[in-house]
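# Structural overview
Next come the chains, spelled out residue by residue.
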Amino acid sequence: MRRIIVAAAATTLIGTAMAACGSTSSSSTGSSSSSTGASGPGSACTHAGIQNKLYTKGVLTVATDNPVYTPWFVSNKPSDGKGYESAVAYAIAAQLGFTKSQVVWVTEPFSSSYAPGPKKFDFDINEISYTPQRAQAVTFSASYYDVQQAIVALKGTAIVTKHTPAELKNYLYGDQVGTTGLTYITNDIQPTAQPRVFDTLSEVSAALEAHRIDALITDTPTAQYMASAQLKHAVLVAQFPSVGEHYGLLFHLGNPLVNCVNKAIAALKANGTLQRLQQKYLKIYLTFPTVQP
C-alpha cells in the first residue's frame with residue numbers, strides 16, 4: 001500500500017515466501033540495509049539477552065499507524081493478532097521469547113516513522129518499504145513481504161480493458177502522499193496528467209468512487225481487499241512486474257535489536273510460517289494478469 005521503490009531485484013512472492021519473505025535478493029538487501037545495527041557476531045538473541053536493547057525492558061514495543069487496514073490488520077485492532085502484519089509481529093515476538101501479553105502496541109504515523117531521530121518503540125510494522133534514502137535515517141530489517149503494485153479502478157471504465165503501456169499514460173491517477181504507489185505512477189507509468197495527491201488512502205478511495213480520478217495504484221493485497229470488500233463496483237485490473245520493492249520492520253538508526261529480529265524472520269521463513277500467514281491473510285493468486293507500465 002505504501003512506500004518507496006528499491007532498485008535491487010527481488011523475486012515475486014506468490015506461492016513461496018512471496019513478496020517480502022521470499023527472495024534471496026530482497027533478503028540480502030534488507031540485511032545490508034540493517035547492517036548499521038550490527039552488534040557483532042555472537043550477540044545474544046535470547047529473551048534475557050535482548051533486554052538491554054529494548055525500549056522498555058520486559059516488553060516488546062511495536063508501532064504502527066492509526067487507522068490500519070485489512071488485510072494487514074483487522075478491524076483497526078493491531079493487538080488482536082489478526083491480519084498479516086499483526087500476526088507477523090506476534091510470530092517474531094514469540095521467536096524472541098515474548099508472550100502475547102508482553103507485546104505493547106503504540107501509534108506512530110506513517111509519515112513520521114522514517115524521520116531521523118530516536119524512536120519510542122522497538123520496531124514499526126506498517127507496510128514501510130526499504131529505500132536507500134530512508135536507510136540513511138533509520139534501520140530496516142530483512143524483508144517480511146515483497147511487494148508488487150496493482151491498478152484499482154471502477155468496473156466499466158476504460159482502463160479496465162485498455163491498459164497497454166501507451167494507454168496507461170492517458171489516465172488521471174490518484175494516490176496517498178509519500179507512497180510507493182505514487183512513486184510508481186510518476187516514475188514508471190509517467191502519465192500525461194499530473195496525479196492527484198491525497199493525505200490518506202481513504203481520501204484516494206473516495207476520489208475513485210466519485211470519479212474524480214480514473215485509478216489508483218497500491219500493493220496487490222491492499223488492491224484485492226479494496227476491490228473485493230471495501231469499494232463498490234471496483235476491480236483489480238492488473239498488477240505490475242516486481243521491481244524489488246519489499247517491506248521491512250523499521251528501527252531507530254543503528255538499533256542492534258535488528259540482528260535478532262532478522263534471525264527471527266529467517267526462522268519464520270524457514271519453517272513456513274510467513275508463507276502460511278500470507279496464504280491466510282493476503283490470498284495472493286497467480287490469476288492476476290501482469291502488465292507493463
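Everything numeric here is computed off the predicted structure, so don't read it as measured data. Starting from 1, residues in each chain are numbered consecutively following that chain's sequence as written. The model is predicted, so local features are restricted to residues of pLDDT at least 70 and side-chain atom pairs to those at 80 or more, both for listing and for counting; the totals for chains, interfaces and linings are taken over all residues. With hydrogens and water excluded, all non-hydrogen atoms of the structure serve as input to the side-chain values.

## Quick notes on the overall build of the protein chain
Our working definition: Where helices and strands are cited, they refer to DSSP runs of H or I of at least four residues and of E of at least two residues respectively, numbered from the N terminus. Relative accessible area decides the class of each residue, using a 1.4 Å probe on protein chains only: under 20% of the type maximum gives buried, over 50% gives exposed, and in between gives partly exposed. Using a 1.4 Å probe, accessible areas were evaluated by the Shrake-Rupley method; residue-level cover was limited to the displayed protein chains.
In terms of helices and strands, the protein chain carries 10 helices and 10 strands. Out of the 293 residues in the protein chain, the part that is buried amounts to 55%. Within the structure as shown, the protein chain displays about 11600 Å² of accessible surface, and the carbon and sulfur contribution to it stands at 55%.

## Considering the nonpolar core
How we decide: What we call a nonpolar core is a set of buried Ala, Val, Leu, Ile, Met, Phe, Trp, Tyr and Cys residues that are connected through their side-chain atoms within 4.5 Å. The contact rule is simple, with two residues in contact once any of their heavy atoms fall within 4.5 Å.
Ranked by size, the top nonpolar core spans 39 residues in total, and within it Y84, I92, F123, I125, L249 and V261 carry the most contacts. Every element with two or more residues in this core is listed here: strand 1 (60–64), helix 3 (84–95), strand 2 (103–107), strand 4 (138–146), strand 10 (246–252), helix 9 (257–270) and helix 10 (273–281). Here this core gets 8 residues from one element, more than from any other, and that element is helix 3. When near neighbours in sequence (up to four residues on either side) are disregarded, F123 contacts L60, T61, V62, A63, I92, L249, L250, F251 and V261.

## Overview of the pairing of strand 9 (residues 234–239)
Our working definition: The criterion for strand pairing is that DSSP finds at least two bridges linking the strands in question.
With 5 of 6 residues buried, strand 9 lies mostly within the body of the structure. Summarising the sheet, strand 5 (residues 149–154) and strand 9 pair through 5 bridges and their orientation is antiparallel. Looking at strand 9, one finds that A153 is bridged to V235.

## A short note on unusual backbone geometry
In this model, N66 is joined to P67 through a cis peptide bond whose omega is 5°. The topology assignment puts P67 in the loop between strand 1 and helix 3. For N76, which is not a glycine, the phi torsion comes out positive at approximately 55°. Structurally, N76 can be placed in the loop between strand 1 and helix 3.

## Looking at the state of the cysteines
What counts is decided by this rule: Disulfides are defined as pairs of cysteine sulfur atoms found within 2.5 Å of each other.
A complete count under the given rule lists 1 disulfide for this structure. Each sulfur of the disulfide joining C45 and C260 lies 2.1 Å from the other. Here the S-S torsion is close to -80°, and the disulfide linking C45 with C260 is therefore left-handed. In this pair, C45 sits in the loop between helix 2 (24–33) and strand 1 while C260 sits in helix 9, placing the two residues 215 residues apart along the sequence. C260 shares its class with C45; the two are buried.

## A short note on helix 6 (residues 180–189)
Within the span of helix 6, buried status applies to T180, G181, L182, Y184, I185 and I189. Phi turns positive, to about 55°, at Q190, one or two residues after helix 6.

## A short note on the confidence of the model for the protein chain
Defined as follows: Values of pLDDT, the confidence the predictor places in each residue, fall between 0 and 100.
For the protein chain, the average pLDDT comes to 86, and 84% of its residues sit at 70 or higher. Counting contacts from residues 3–42, a segment whose pLDDT is below 50, to residues more than four positions away or on other chains yields 132 contacts.

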